Amino acid sequence: MDNVVIVNEFVNALWLERAFSKNTLAAYQSDLKHFIVWLSGQAEPKTLVTVSDIDVIGYLAYRTLQGTHARTNARVLSCLRTFYHYLLREKYCQQDPTVNIASPTIGRSIPKDLSEAEVESLLQAPNTEEPMGLRDKALLELLYACGLRVTELVSLTLEQVNLQQGIVRVMGKNDRERVVPFGEEAAVWLQRYLAVRSALLKTDRLCDAVFLSNRAVAMTRQTFWYRIKHYARQVGIHKPLSPHTLRHAFATHLVNHGADLRVVQMMLGHASISTTQIYTHVANSRLKALHLKHHPRG
């Protein structure tokens, strides 16, 4: 059977059976597409159903030589494992070529972080005299106040926000709902933005997304990322940033100020406390840096 047809069947099965998010499905599809391209370029080209463990090891080795990070290769291997489990189940192949392949060793990575002063300057960057600037101010304040994932932020609808109670209801990974509180500062800016939000809507179009683009539809992740980088440059922040920068800052600053790790876990929507514990390492590393810098015997 054709490689593309098998991949499409696999992705549809994940969507129907396991309710994977669109982003996850797109990542799986992209990973398998790159694997197909690599297979077709080998001295003895193979299809997905004739792959051996030697081919998978060779592909991962090729990616490593190309400079791919171990964490990314681990994700790709996870994708291939899921894919070949599906092929075995559907009897497209007789053996799983990934079964004896160990995952790449991944060290504990500390998220790139912004100081509280840097976050403050970033939050002050948008021009709130303009509707788009007011929108950006509100979304930055809400993101930092709640530690939302970017996808959760841009897909937020009006009914998920309760200004009176100061909470948002978020549908996170694997359709897990959580309630996250936000403070007075975020509430003030969100209320100001919502007062002018109707001006961004076109008369012939309705949209229930909280944060609208200039085309009166929900903002995309790409637009959000562009705006973050724009404001970072504007205020002189030159360190590497990620789409989760303010989410990391939210968690780190809460831990730095003594928040209980279980509470931070709930607000971030982490399934396991071990995922949240990375922020104690961030806090500890900052504590050591401050000690070295300021203690007379540091």
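It should be noted that the structure appears before, not after, this text.
My aim in this report is to walk through the structure given alongside it, one point at a time. Computed from a predicted model, the values in this text were never measured in an experiment.

Reading the values: the criteria
Residues numbered from 1 in each chain as written. Predicted model: local features only at pLDDT ≥ 70, side-chain atom pairs only at ≥ 80, totals over all residues. Heavy atoms only, no water. Helix = DSSP H or I, 4+ residues; strand = E, 2+ residues; numbered from the N terminus. Buried < 20%, exposed > 50% of the residue type's maximum accessible area, 1.4 Å probe, protein only. Contact = heavy atoms within 4.5 Å. Areas by Shrake-Rupley, 256 points an atom, 1.4 Å probe, with all protein chains shown as cover. Pairing = 2+ DSSP bridges. Core = buried A, V, L, I, M, F, W, Y, C linked by side-chain atoms within 4.5 Å. Phe/Tyr/Trp six-rings, centres within 6.5 Å; stacked < 30°, edge-to-face > 60°.

### Focus on the overall build of the protein chain
Along the protein chain, the regular secondary structure elements total 13 helices and three strands. Looking at the protein chain as a whole, 41% of its 298 residues qualify as buried. In the protein chain, once contacts between residues fewer than 6 apart in sequence are set aside, the share between residues at least 24 apart is 57%. Only carbon and sulfur atoms are counted for the fraction: they give 53% of the accessible area of the protein chain, which is about 16800 Å².

### Describing the pairing of strand β2 (residues 167–171)
With two bridges joining them, strand β1 (residues 161–162) and β2 adopt antiparallel strand pairing. What sits directly across from Val161, in β2, is Val168. Remark: four residues form the turn of the hairpin made by β1 and β2, two consecutive strands paired antiparallel; Gly166 in that turn has positive phi of roughly 70°. With five bridges joining them, β2 and strand β3 (residues 177–181) adopt antiparallel strand pairing. For Val168, the partnering residue across the bridge sits in β3 and is Val180. Here β2 folds back onto β3 in antiparallel fashion, the turn holding five residues, of which Asn174 has a positive phi close to 55°.

### Here's the deal with the environment of Trp38
With respect to the element layout, Trp38 can be found in helix α2 (residues 22–40). On the basis of relative accessible area, Trp38 is assigned to the buried category, the value being 13%. Residues Trp38 and Tyr59 lie 21 residues apart in sequence; the distance between their C-alpha atoms is 7.3 Å. The contact partners of Trp38, leaving out residues within four places of it in the chain, are Asp55, Gly58, Tyr59 and Tyr62.

### Considering the nonpolar core
Ranked by internal contacts, the top residues of the largest apolar core, which has 51 residues, are Leu142, Val168, Phe182, Leu190, Tyr193, Phe211 and Phe224. Looking at this core, the element that brings in the most residues is helix α6 (residues 131–146), giving seven residues. When neighbours within four sequence positions are excluded, Leu142 is seen to be in contact with Gly147, Leu153, Leu156, Val168, Phe182, Ala186, Leu190 and Phe211. With 29 residues, the next largest nonpolar core counts Val7, Leu14, Leu39 and Val76 among its residues.

### Description of unusual backbone geometry
A positive phi angle is found at Lys91, which is not glycine, with a value near 65°. Within the fold, Lys91 resides in the loop between α4 (70–89) and α5 (116–123).

### Quick word on the sheet that holds β3
What links the strands of a sheet is backbone hydrogen bonding, and the strands pair in either a parallel or an antiparallel sense. With antiparallel pairing, three strands are arranged side by side in an open sheet as β1-β2-β3. Each end of this open sheet is capped by a strand with a single partner; those strands are β1 and β3.

### Let's talk about the packing of aromatic side chains
The final tally for this structure, using the stated rule, is nine aromatic pairs. Residues Phe35 and Tyr59 carry aromatic rings whose centres are separated by 4.8 Å and whose planes lie at 45° to one another, so their mutual orientation is tilted. One end of the pair, Phe35, is in helix α2; the other, Tyr59, is in helix α3 (residues 53–65), and 24 residues separate them in sequence. You can call Phe35 buried: its relative accessible area is 0%. With a centroid separation of 5.6 Å and 20° between ring planes, the pair formed by Tyr193 and Phe211 is classed as stacked. In this pair, Tyr193 sits in helix α8 (residues 184–197) while Phe211 sits in the loop between α8 and α9 (221–234), placing the two residues 18 residues apart along the sequence. Taking the relative accessible area as the measure of exposure, Phe211 reaches 1% and is therefore buried. Grouped by ring-pair contacts, the aromatic residues Phe10, Tyr28, Phe83, Tyr84 and Tyr86 constitute a single cluster.

### Regarding the environment of Val263
Here Val263 shows up in helix α11 (residues 261–268). Relative accessible area serves as the criterion here: at 40%, Val263 is assigned to the partly exposed category. Along the chain, Val263 and Thr276 lie 13 residues apart, while their C-alpha atoms are 9.9 Å from each other.

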